[in-house]
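# Survey of secondary and tertiary structure
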Amino acid sequence: MLIGNEEKPELSMPFFVLVHFQNENSAQSGENEADDAATGKASPFNCIPCDSLSILHKYYQLGEFVIGGIISQIYITSERITFTRYPHWEEVEELIYFSARFTHLAAIDLLSTQSKSVPNYKCDIRNTPTAVIGGPSSDTDVHMAPILSNYKIPQLTYGSPSVINAKSQSVFIQWMFPNRNYHYMGILRLLLHFRWTWIGVIYLHIESAEVFVRSVLPDFSRKGICFAFIERFPKIASSNNIAEVMERGMNLYNIAMKSTANVLVVHGEIQSMMILRMLLYFSRFNNRLVTEKVWVMTAQMEFTSLAFQRNWDLDFIHGAVSFAVHSREVLGFQNFLQRRNPHVEKEDGFIKDLWEDVFNCSFLGSDSNGVAKKICSGEEKLETLPGSVFEMTMTGHSYSVYNAVYAVALSVHAMRSSTSRQNSPTGGGILKLQQQPWQLYHFLKSIVFNNSVGEEVSFDQNGELVAGFDIINWVTFPNQSFRRVRVGRVDPKAPPDSIFTISEDAIEWPSGFNQVWPFSMCNSVCRPGYSKMKKEGEPFCCYDCFRCPDGKISNPSDMDDCFSCPPDHYPSNDHNRCIPKGVSFLSYEDTLGAGLATSAISLSLITAWVLGIFVKYQDTPIVKANNRSLTYTLLLSLLLSFLCALLFIGRPEKVTCLLRQTAFGLVFSLAVSCVLAKTTTVVLAFVATKPGSGIRNWVGKQLSICIVLSCLLLQATICTCWLPPDPDMHSVTEEILLQCNEGSLAMLYCVLGFLGFLAMVSFTVAFLARKLPDIFNEAKFITFSMVVFCSVWISFVPTYLSTKGKYMVAVEIFSILSSSAGLLGCIFSPKLYIMMLKPELNNKKQLLRRKEKEEDANATDLPQGLPTGPLEILEESPGIQQEALGALLRVGCVRTSYYQHVLALVFAVMEINENLRLLPNATLGFHVSNTFLNARETYHATIELLSTTNRVIPNYKCDFQSDLIAVIGGLEAETSHYISTVLSIYNIPQVDVDWAHYGGRRTGRTIPASHVPSVF
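Here is a short report on the structure shown in this document.

What counts and what doesn't
- Residues numbered from 1 in each chain as written.
- Predicted model: local features only at pLDDT ≥ 70, side-chain atom pairs only at ≥ 80, totals over all residues.
- Heavy atoms only, no water.
- Helix = DSSP H or I, 4+ residues; strand = E, 2+ residues; numbered from the N terminus.
- Buried < 20%, exposed > 50% of the residue type's maximum accessible area, 1.4 Å probe, protein only.
- Contact = heavy atoms within 4.5 Å.
- Areas by Shrake-Rupley, 256 points an atom, 1.4 Å probe, with all protein chains shown as cover.
- Disulfide = S-S within 2.5 Å.
- Phe/Tyr/Trp six-rings, centres within 6.5 Å; stacked < 30°, edge-to-face > 60°.
- Lys NZ or Arg CZ within 6 Å of the ring centre and 35° of its normal.
- Pairing = 2+ DSSP bridges.
- Axes fitted to C-alpha atoms, helices over the stretch in contact; angles between N-to-C directions.
- Parallel < 35°, antiparallel > 145°, perpendicular 65-115°, else oblique.
- Left-handed = near helix turned anticlockwise from the far one by under 90°.
- Nonpolar A, V, L, I, M, F, W, Y, C, P; charged D, E, K, R; others polar.
- Right-handed = clockwise from strand over helix to strand, strands pointing away.
- Salt bridge = Lys/Arg side-chain N within 4 Å of Asp/Glu carboxyl O.
- Patch = residues over 30% accessible without salt bridge, like charges linked within 9 Å, V, L, I, M, F, W, Y side chains within 5 Å.

### Brief notes about the overall build of the chain
When you go through the chain residue by residue, the secondary structure sums to 27 helices and 28 strands. Every one of the 1016 residues in the chain was classed for burial, and the buried ones make up 48%. Pairs at least 24 residues apart make up 70% of the contacts formed inside the chain by residues separated by at least 6 positions. Total accessible area on the chain stands at roughly 50,700 Å², and carbon and sulfur atoms take up 57% of it.

### Focus on the state of the cysteines
What the rule picks out here adds up to seven disulfides. Two residues, C226 and C541, share a disulfide whose sulfurs are 1.3 Å apart. Between C226 and C541, the S-S dihedral sits near 70°, and the bridge is therefore right-handed. Of this pair, C226 sits in strand β6 (residues 226-232) while C541 sits in the loop between β18 (530-534) and β19 (543-547), and the two are 315 residues apart along the sequence. The buried category is assigned to C226, whose relative accessible area is 3%. Across the disulfide, C657 is cross-linked to C740 (sulfur-sulfur distance 1.8 Å). Disulfide C657 to C740: torsion about the S-S bond roughly -80°, handedness left-handed. In this pair, C657 sits in helix α17 (residues 654-687) while C740 sits in strand β26 (residues 735-740), placing the two residues 83 residues apart along the sequence. The pair C657 / C740 is uniform in exposure class, with both members buried. Of all cysteine sulfurs, the one in C721 lies closest to C750, which takes part in no disulfide; the gap is 9.5 Å.

### A look at the packing of aromatic side chains
For the structure shown, the criterion picks out 22 aromatic pairs. Measuring from ring centre to ring centre gives 5.0 Å for W355 and F359, while their planes differ by 45°; the resulting arrangement is tilted. Remark: F359 and W355 occur in helix α11 (residues 351-359); sequence separation between them is four residues, near one turn of the helix. We note that W355, like F359, is buried. Sitting over the ring of F363, K352 keeps its end group 5.8 Å from the ring centre.

### Re the sheet that holds strand β4 (residues 173-178)
Strand order in this open sheet of five strands is β1-β2-β3-β4-β14, and the pairing throughout is parallel. Two strands close off the open sheet at either side, each with one partner strand: β1 (66-71) and β14 (464-465). Lying over the sheet, helix α13 (residues 437-445) contacts β2 (129-135), β3 (155-157) and β4, oriented at roughly 35° with respect to β4.

### Here we look at the sheet that holds strand β16 (residues 482-490)
If you walk across this open sheet you meet the eight strands as β6-β5-β7-β8-β9-β15-β16-β17, and the pairing is mixed. Pairing within the sheet leaves two strands with one partner each, and these edge strands are β6 and β17 (500-502). Each adjacent strand pair in this sheet contributes to an overall mean axis angle of 30°, direction not counted. Pairing analysis gives four bridges linking strand β7 (residues 263-267) to strand β8 (residues 294-297), with the strands arranged parallel. Each residue of the ladder has a partner; that of V263, found in β8, is V294.

### Describing the packing of helix α14 (residues 591-616) against helix α16 (residues 628-644)
In the contact formed by α14 and α16, the axes pass within 8 Å of each other and the chain directions differ by 165°. With respect to their mutual orientation, α14 and α16 come out roughly antiparallel. Considering only the axes of α14 and α16, their crossing is left-handed. Of the residues in α16, those in contact with A600, L603, S604, T607, A608, V610, L611, F614 and V615 of α14 are T631, Y632, L635, L636, L638, L639, F642 and L643. In the contact of α14 with α16, the residues fall into 14 nonpolar, three polar and no charged.

### Digging into the pairing of β2
The buried fraction of β2 is high, at seven of seven residues. Where β1 lies against β2, six bridges are found, and the strand directions are parallel. Looking at the pairing, I71 lines up with G135 of β2. As paired elements, β2 and β3 share three bridges and run parallel to each other. Bridged to I133 within β3 is L156. The parallel pair β2 and β3, bridged by helix α4 (residues 138-150), forms a crossover whose chirality is right-handed.

### Looking at the pattern of salt bridges
Throughout the structure, instances matching the rule amount to 13 salt bridges. The closest approach of N and O atoms between D219 and R222, which form a salt bridge, is 2.0 Å. In this pair, D219 and R222 both sit in helix α7 (residues 207-222), three residues apart, roughly one turn of the helix. Owing to a relative accessible area of 62%, R222 belongs among the exposed residues under this scheme. Of the charged contacts in the structure, one is a salt bridge between R340 and E345, with a shortest N-O distance of 3.4 Å. By relative accessible area, which is 11% here, R340 ends up buried. Three or more residues joined by partner-sharing salt bridges are found here, namely R340, E345 and D348.

### Some details on a nonpolar patch on the surface
Together, I606, W609, Y833, M836 and L837 give the surface a local cluster of nonpolar side chains, amounting to about 520 Å² of exposed area. Mapped by element, the contributors of at least two residues to the nonpolar patch are α14 and α21 (806-837). Examining the composition of the nonpolar patch, we find that three residues originate from one element, α21, more than from any other. Residue placement: W609 occurs in helix α14.

Rendered as structure tokens:
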């Protein structure tokens, strides 16, 4: 096509330049035929002379600058070879379309004088091509490049970039096709967006498609796409292999239709659509299986059909998705097409053949191959044709040609402007182009301009068009028309996250999918909560679905593997989402925490009340009889035990974590050590009554203080070495356990073990002393309390180890409260009963009566054959069985004969007072005290004799009516000795019943211990 500047050409119109096949004449064949006619021989062939090979279809327009165009536009088929005439040039070439030979011929024709294809000769200088636009087939680009590159003529190809091996040939080529990496990236993103991971691939037998299969599809596989099949369109090499091609085509069709892949990617060129339509048409004609598929087509493909395909269905393309070079509708293009008329466009060598083909008519004088057709009037309108025959809108390839023409024109303008000073015309002459065509390439490769629709056109450093791709959805209609709907785009100039965009709602899918998103996977999607497991021997995208294991989830669906939730979340029951974990600790807002706190406070108040009662009745015998200081200390430790349970409730903090276990260990050690001290004091008090026993020096407050302090110090040492660290967070299945980090469990068990040791010792001692004869004997109650204490803490260990979180803390609090309550209830409830409900029993007279009853009861309870009096014990002890003596000591025998001594004193005083002659005007009184065979009690009784009644104040006596005139001592030498030590100071006479042993110590006697710890 030639464009002349003088006539102001319409650059907006596309050119249709065709290299068409032309038959070839052989001079030798013509001579042989003439010889046969001269000699009269009958020729076996009916040969027709042919013109020399030439280009049949051209579109020529004169101009100062020529833009050449080489495209494949018209297709012919060769006739069957019958050998009845001279072989036509089609049979010689044996090609149906796209011949390299004629592409070379078209290139040479552009370099020659018009209508005279003489290589390297051109007499018409004005018609030298400035640039050549070729396409859309990649073969066209490959075949024209070797010739045009020799002459350094710039070339613009609007098909996909071809593989041109020679660098010297590709240096003058600019591609009106964007970078194909973005093209393939768009296809991949489209497949991944719709999760089409199981696809079929059909490609054309061209170099660019081979590169796609060899280099691009492996990248698809690495991104998760796998292929049900990869097949190639059958290659039509000549007219003689049509049957073979169709057979292979039907095999390809069967593979595609029977495949479970619902998406088929077709990598082809403009002629691929015709082949695809043929395969689908003949398959239906042969009643083969037809399955709805989603066709994904590359940008090189465009809808093209032949004349005999006019009435074929277009249903197969409905819902297809294709890529196209980005384009915009150019204003005025449709009006330009509507004005086309074969009678007006005389230079258009294509329009008559096109007119006859699309309107199914023939012009006068044209060869209709013996088929009667209507006469073409030339007034037919292209807009009346269905879209499957001729499109009135500008396609992507046409848009590229349109921009290519503008690129050349503007490059020429830039080149002329740069040389206008050296070549300015004079005398009204026409400016001649002095530069060579290769000089234009420098301006062409750097050209940047905005076309008529306002879009920028430029090339990158590789000579490729800087543009994107449109994603097209094909919608067909019953009248054989269709509509291209732009539903997305691949824009390299957009931000990275917006390079690929698509509108799902705008897509109309094939009718077989009922407008539902097509599914194209090897198997069904693994729902959330399941993960994929590869099938042996199958492609990697074929898998089974297995439920996620405990502790893991999968979301969204079709995950390769399940994953764990963050530490502060836990999986749902369906393993499809992570639920935030709640922070769990024993708080006062919990029912459990509130109940335990209420119990702790209530028991603390009860303990304080008991302590107040004991302070109020501190001078009563029942309080004085059991070591008041130990009693107060025990009650205070129990009060602190109940209160320390509150340290375990609430959000764990650093201070509370440091205090609670330490306070628990120390307070409980104090409580149990007090119990141990009380029990030990009771037992040692009886052991110390033995004559000559050195233990009596330890009986008293010193022993109690020593026991309590030593136990407390040892426990404090353990707690100091332990000191639990800061709070810690432990994550369990559905919650985060906020709890104190107990540190070394061994140290915790050491604290508990020491408490257990003290409790077992107290239990053992109390159990052995439980039957010692005492009116207020605590041994029994201590035994019960230790049973409760040990039971609680023995059951605590396995329960503590088997629980978690706040329930573990609750177990420890419950153990603290229950064991403390056991001590409080078992030890102090009997005494409270007497003090609060039976106060009459808490006095000396009642104690004496109870003592008499106990003596009688104990005497009857002695084992048979045992002596009941101390003298009998002394006398018979050598002959008593060791077992009987042990039983006697265990039951605590009372000296009934000693009580007769008291009665003898009372009887004598009564007789004297009745005899008025002995002590006229005076009465004799008495004051008898029990000394327990203990020095301390003997001194206390002696001082009490010297004091006012009920007021033991040494050296002070306000009751002069009760003067002490003499003291009668007991039978024990130790008693007489202790009494005399005090009375001798006051010069009070002392009568020792057993005077022979006064000041001395008897030997060889065993005195049974008396066990009445009250002072009378």
